[in-house]
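Architecture and fold: a report
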Amino acid sequence: MDTYKEIIPLILPGLTITLKVLVASVALAISVAFVAGLARLSRFALVRKITAVYVELFRGTSLLVQLFWIFFALPAFGIQFSPFLASVVALGLNYGAYGSEVVRSAILAIPNGQTEASIALNMTRWQRMRLVILPQALRIMLPGFGNNAIELLKGTSLVSLITLTDLTYKGLIIQNNNLSYTFPVFVVLLLFYFIIALPLIFGVRKLEKNASRGVAKA
Amino acid sequence: MTWDWQFAIEIFPDIASAIWLVIGVTFGAYLVSLTFGLILTFLRRSSFKPLAFLTYWFIEFVRSTPPLVQLFFVYFALPAIGITLNKYLAGILTLGIHYATYVSEVYRSGIDAVPKGQWEASRAMNFTKIHTWFRVILPQAIPPVIPMLGNYLLVLFKETPILMAIGVGEFLQEAQLIGAANFRYLEPITIVGLLFLLLSYPSAILINKLEKRSKLGYSANKKQKGMSVVGTDGEAVKQSAGG
């Protein structure tokens, strides 16, 4: 037990970094998801095509490859990100691409009658989306976003490979300095990630229950 | 400094030569996840409640902790309690068990979709448990979820680069070595990205086609299912919306 007591304070600074990366990239991912999700339903074919290329590009390759590309390859074009910024951009764009599918499928799940009714009420396109479609689509999206947030949390551990001192990186340093800590360090790491994920797991479960409650099935 | 074709062509074979290793690891891990996933599904349905409860939390734990840390745990920490694996085996087992937790959810959704009457009929016919599972339930539960299972093969494939962290020489590790030796990262890492795209995109389209076809075949009695997949399992949305 004593070794665990010694390890936890050493690893805590990494927790702050992991949480910072998590919050920043979730924020970026959600913004990207909405923009890309709506753009894929745009009435302009060019906008739809460009967004589709972005989404397929980021869903068709690995997160780690994208992270490395942004951190190691982009400087060749004169764009040099700090490890933190590179991590947030890679995670945000990658999960933004996944999230855009959640947004798109949720909007498509809203029955056609809603669109027709708003046209009949003489609403503008923007009003229709903002006042009728999105409020209903949002509750369908929420569990999907929650699941993506858990996936994103798992993805944050990859930033240790581009030298950002997150939980995983701190753990590796402690393990390197004292090999007898190897086993407890990784147990502590796994538990830390699980504890961060727990509120998300329960949140998703609650959202899933709520998503179907009190809504007339079309 | 911009793209250098000659350098790119020169290093392409070195990176692409890792393809058999990557395919081997992917299929190895997939096999582990398909088998272990089925075991997890059975354990979770066990009538011995503590076992079902334990399995449930095992699945939640493995699903929500990073595969990279699990990989370190298996490769670095398990030897401390006497289990030593080489890096390939460690990689295959870690990825396999990680995705087994996802695959078991897929099996579960397939099994839940088998009508209750099938169980009752099997009981009425006095079938044994094994007989019921392997001759009645699973043959009906698995085919509808094959496209979803196929998606996890792609997800697994895209997850293989994390194995570079324990020195498995897959695409990204090769690219990283070449990049470090030449101080040029643009070409090698771009090639890795293209390789992934080249291998995964056609498969994604294929799986998507398969999915559309299987939906046609089963849509008669499962009209509601598409909706509930969107609503109750965001993961399924994420994976099945590919292509």
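Residues numbered from 1 in each chain as written. Chains lettered and ligands numbered in written order. Predicted model: local features only at pLDDT ≥ 70, side-chain atom pairs only at ≥ 80, totals over all residues. Heavy atoms only, no water.

Here we come to the packing of helix H2 (residues 45-60) of chain A against helix H4 (residues 83-109) of chain A. Residue and element names in this part refer to chain A. Viewed as axis vectors pointing N to C, H2 and H4 meet at an angle of 120 degrees, and their least axial separation amounts to 9 Å. As for the relative orientation of H2 and H4, their crossing is left-handed in sense. Together, Tyr 54, Val 55, Phe 58 and Arg 59 of H2 and Leu 93, Asn 94, Gly 96, Ala 97, Tyr 98, Ser 100 and Glu 101 of H4 make up the contact between the two elements. Classifying every residue of the contact of H2 with H4 by side-chain character gives six nonpolar, three polar and two charged. (Axes fitted to C-alpha atoms, helices over the stretch in contact; angles between N-to-C directions. Helix = DSSP H or I, 4+ residues; strand = E, 2+ residues; numbered from the N terminus. Left-handed = near helix turned anticlockwise from the far one by under 90°. Contact = heavy atoms within 4.5 Å. Nonpolar A, V, L, I, M, F, W, Y, C, P; charged D, E, K, R; others polar.)

What follows deals with unusual backbone geometry. For Thr 163 of chain A, which is not a glycine, the phi torsion comes out positive at approximately 65 degrees. A residue is classified by how much of its surface remains accessible, and Thr 163 of chain A, at 48% relative accessible area, is partly exposed. Here the phi dihedral of Asn 126 of chain B falls at roughly 65 degrees; this positive angle occurs in a residue that is not glycine. With respect to the helices, strands and loops of the structure, Asn 126 of chain B is situated in the loop between helix H6 (116-124) and helix H7 (129-159). (Buried < 20%, exposed > 50% of the residue type's maximum accessible area, 1.4 Å probe, protein only.)

Counting from both sides, the interface comprises 51 residues of chain A and, opposite them, 50 residues of chain B. When chain A packs against chain B, close to 4500 Å² is buried across both sides, 72% of that on carbon and sulfur atoms. Contact with chain B buries area across many residues of chain A, yet Lys 154, Phe 183 and Leu 190 of chain A alone supply 14% of it, more than any other trio. Inspection of the chain A/chain B interface yields zero salt bridges. Of all the elements, helix H8 (residues 182-211) of chain A adds the most residues to the side of chain A that touches chain B, at 15 residues. For the side of chain A that touches chain B, a count of residues per class yields 31 nonpolar, twelve polar and eight charged. (Buried area = accessible area lost by both parts, 1.4 Å probe. Salt bridge = Lys/Arg side-chain N within 4 Å of Asp/Glu carboxyl O.)

For chain A, the average pLDDT comes to 92, and 97% of its residues sit at 70 or higher. For chain A, H8 of chain A is the element with the lowest average pLDDT, namely 91, and H4 of chain A is the one with the highest, namely 96. (pLDDT = per-residue confidence, 0-100.)

Okay, a nonpolar patch on the surface next. A cluster of nonpolar side chains, contributed by Ile 39, Leu 43, Phe 48 and Leu 51 of chain B, occupies part of the molecular surface with about 340 Å² of accessible area. If you trace the backbone, Leu 51 of chain B turns up in helix H3 (residues 49-64). (Patch = residues over 30% accessible without salt bridge, like charges linked within 9 Å, V, L, I, M, F, W, Y side chains within 5 Å. Areas by Shrake-Rupley, 256 points an atom, 1.4 Å probe, with all protein chains shown as cover.)

The next point concerns the UniProt feature "domain: ABC transmembrane type-1" (unreviewed entry) in chain B. What UniProt calls "domain: ABC transmembrane type-1" (unreviewed entry) maps, in this numbering, to residues 19-207 of chain B. The distance separating the terminal C-alpha atoms of residues 19-207 of chain B is 21 Å; by composition the span is 81% helix and 0% strand. (UniProt positions renumbered as here; feature names shortened; annotations may be inferred.)

The next thing to look at is the pattern of salt bridges. Residue and element names in this part refer to chain B. This model, assessed by the stated rule, comprises eight salt bridges over all chains. We note a salt bridge from Arg 45 to Asp 112, for which the minimum N-O separation is 3.7 Å. With Arg 45 in the loop between helix H2 (19-44) and H3 and Asp 112 in helix H5 (residues 87-112), this residue pair connects regions lying 67 residues apart in the sequence. Using a relative accessible area of 39% as the deciding quantity, one classes Arg 45 as partly exposed.

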